[in-house]
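# A closer look at the structure
Each chain, letter by letter, is given below.
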Amino acid sequence: MFNDGGMKIFRKIHLWFSVPFGLIITLVCFSGAMLVFEPELTRCIKSEMYYVSASEGEPVDMKILMETVKASLPDSVSITGVTVFRDKERTYQVNLSKPRRASLFIDQYSGEIKGRYERIPFFATMFRLHRWLLDPPADGVKAGKLAVGISTLFFVIALFTGVVIWWPRARKNLPRSLSVSLKDGWKGLWKSLHVAGGMYALLLLLAMSLTGLTWSFEWYRMAFYKACGVEYTSRRNDTSGRSARRNEPREGMPRGSAEMRGERGGGNGNSPEFDRWQQVYDELKADRAGAIQITIAPGSATVKTASSGNVRASDRYEFDHRTGDITSLVRYDDSTGSERLRGWIYSIHTGSLGGVFTRILWFLSALLGASLPLTGYYIWIRRLRKNKNRV
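For the structure given in this document, a descriptive report is provided here.

## What about the layout of surface pockets?
Of the voids in this model, the second largest pocket is the one considered here, and its volume is about 2000 Å³. The wall of the second largest pocket is formed by 49 residues, among which Arg 169, Lys 191, Val 195, Ile 379 and Arg 383 lie closest to the centre. Elements that contribute at least two residues to the lining of the second largest pocket include exactly helix 1 (4-18), helix 2 (22-35), helix 7 (143-170), helix 8 (174-177), helix 9 (185-212) and helix 14 (356-390). It is helix 14 that contributes the most residues to the lining of the second largest pocket, 13 residues altogether.

## A closer look at the sheet that holds strand 2 (residues 92-96)
In spatial order, the strands read 4-3-2-1-5-6-7-8; together these eight strands make up an open sheet with antiparallel pairing. Edge strands, defined here as strands with exactly one partner in the open sheet, are strand 4 (113-116) and strand 8 (326-330). Taking the axes of each pair of neighbouring strands and ignoring which way they run, one obtains an average angle of 20 degrees across the sheet. Bridging between strand 7 (residues 314-319) and strand 8 involves four bridges; their strand directions are antiparallel. Paired with Glu 318 across the bridge in strand 8 is Ser 328. Against the sheet, helix 5 (residues 62-71) contacts strand 1 (79-85), strand 2, strand 3 (103-106), strand 4 and strand 5 (293-297), and its axis sits at roughly 130 degrees relative to strand 1.

## A look at helix 5
Within helix 5, eight of the 10 residues are buried, leaving the element largely enclosed by the surrounding structure. Listing the buried residues of helix 5 in full gives Met 62, Lys 63, Ile 64, Leu 65, Met 66, Glu 67, Thr 68 and Val 69. Contacts from the buried residues of helix 5 go to strand 1, strand 2, strand 3, strand 4, helix 12 (277-287) and strand 5.

## Thoughts on the environment of Glu 67
If you trace the backbone, Glu 67 turns up in helix 5. Owing to a relative accessible area of 16%, Glu 67 belongs among the buried residues under this scheme.

## Concerning the packing of aromatic side chains
Counted under the stated rule, the structure contains 13 aromatic pairs. On the basis of an interplanar angle of 70 degrees and a centroid distance of 5.4 Å, the ring pair of Phe 122 and Phe 123 is categorised as edge-to-face. Classification of Phe 123 as buried rests on a relative accessible area of 4%. Pairing Trp 190 with Tyr 378 gives two aromatic rings, centres 6.3 Å apart and planes at 65 degrees, and the pair type is edge-to-face. For Tyr 378, a relative accessible area of 28% corresponds to the partly exposed category. Taken together through their ring pairs, the aromatic side chains of Phe 217, Trp 219, Tyr 220 and Phe 224 make up a single cluster. Over the face of the ring belonging to Phe 127 we find Arg 119, whose NZ or CZ atom lies 4.5 Å from the ring centre. Over the ring of Tyr 346 we find Arg 312; its NZ or CZ atom is 3.8 Å from the centre of that ring.

## Concerning the pattern of salt bridges
Between side chains of opposite charge, a pair can form as their charged atoms come close. Under the criterion given, the structure shown has 11 salt bridges. Taking the shortest distance from any N to any O, the salt bridge between Arg 359 and Glu 40 comes out at 2.4 Å. On the basis of relative accessible area, Glu 40 is assigned to the partly exposed category, the value being 28%. Salt-bridge contacts for Lys 63 lead to Glu 67; the nearest nitrogen and oxygen are separated by 3.7 Å. Here Lys 63 pairs with Glu 67, and both are found in helix 5, just four residues apart, close to one helical turn. Of the two residues examined, Lys 63 and Glu 67, each falls in the buried class. Several salt bridges share partner residues, and in doing so they unite Lys 63, Glu 67 and Asp 275 into one network.

## Side note on the pairing of strand 4
With three bridges joining them, strand 3 and strand 4 adopt antiparallel strand pairing. From the neighbouring strand, Leu 104 faces strand 4, where its bridge partner is Arg 116. Connecting strand 3 to the next strand, strand 4, in antiparallel fashion are six residues, including Gly 111 with a positive phi near 85 degrees.

Calculation notes
Residues numbered from 1 in each chain as written. Predicted model: local features only at pLDDT ≥ 70, side-chain atom pairs only at ≥ 80, totals over all residues. Heavy atoms only, no water. 1 Å grid on protein atoms, 1.4 Å probe; cavity = no way out; pocket = protein on both sides within 12 Å on 5 of 7 lines; lining within 4 Å. Points joined across faces, edges and corners; volume = space filled by probe spheres on them. Helix = DSSP H or I, 4+ residues; strand = E, 2+ residues; numbered from the N terminus. Pairing = 2+ DSSP bridges. Axes fitted to C-alpha atoms, helices over the stretch in contact; angles between N-to-C directions. Contact = heavy atoms within 4.5 Å. Buried < 20%, exposed > 50% of the residue type's maximum accessible area, 1.4 Å probe, protein only. Phe/Tyr/Trp six-rings, centres within 6.5 Å; stacked < 30°, edge-to-face > 60°. Lys NZ or Arg CZ within 6 Å of the ring centre and 35° of its normal. Salt bridge = Lys/Arg side-chain N within 4 Å of Asp/Glu carboxyl O.

Purely spatial values, then, with no claim about function.
Laid out in structure tokens, this is it:
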């Protein structure tokens, strides 16, 4: 495909773009792998907060539950919505106005507040490492974010040049080029792991990198949307379902008290803001059987039905807070192209588009991606020593 001079150029490009940024790529890939199963592990570790003690009987009226939560909050914090999951044993997630993405969980059968959402420190560290190399943007300085973006961009180039370097030998003996062997000891293992591992994970690593770059550079994001045939609209300017979307989760009273035993729809709270929430939820639940989760917010609601594909796909409703009547509906299929593509980018980047199976593949591929710079350094250092000994 290329003559010897052309191959030398590709080898140099592969080396020059890999060596300076290899350690950053290892950290980004490893931290990304650690985040793949964060939701499941968090629910397992903090199961007492995410799951009810007993799921017998009917849930308490949503107005009473919200009044219970409101009474526990400072005046400066308000309730922005509540998310109900299809799993009856999952607690209700009550979304709060601040701090950002704040929420707490309440047992819908007993009215007991189970706790506030707090990211497990390990996952919080992995997220900061993955996005900003532990250097979150502050006062306009985005050094960590820029380093991750540049490293990812060079990683894409290294992957493409790696294929060009690999192919001439691979076409002569493809099975051997895709095998991991201990035949030549550790030397053979690291080399074959670098070559074969890179090829096995190539497509998924490219998918993660190319989608991940949309969070790093504005110019790239606009070009990416244009290449997909979609007009880019920032979240700030995209008004499609904004009021409902901002209340989606980023996923007390003792049992038997007199107020908890009140009939559904009763409630002795003084705030009218929650009066119709239960009514709207019941109507949507009956109309959208099988919905994964339903979020009710002041005057709006979202119904999420997708567990695969675009996992952020949801239909958005608005309702009259005085009567509870549904006044408008924006289905996912009718949302803007920018909104749909944004969801697909997230689903592809995290591997959630095919459920648990694809996330396992993404997890393994990210670990292979983390190993590529390390095995590459090993091969490079051995080559330097070999050339030095020749001299």
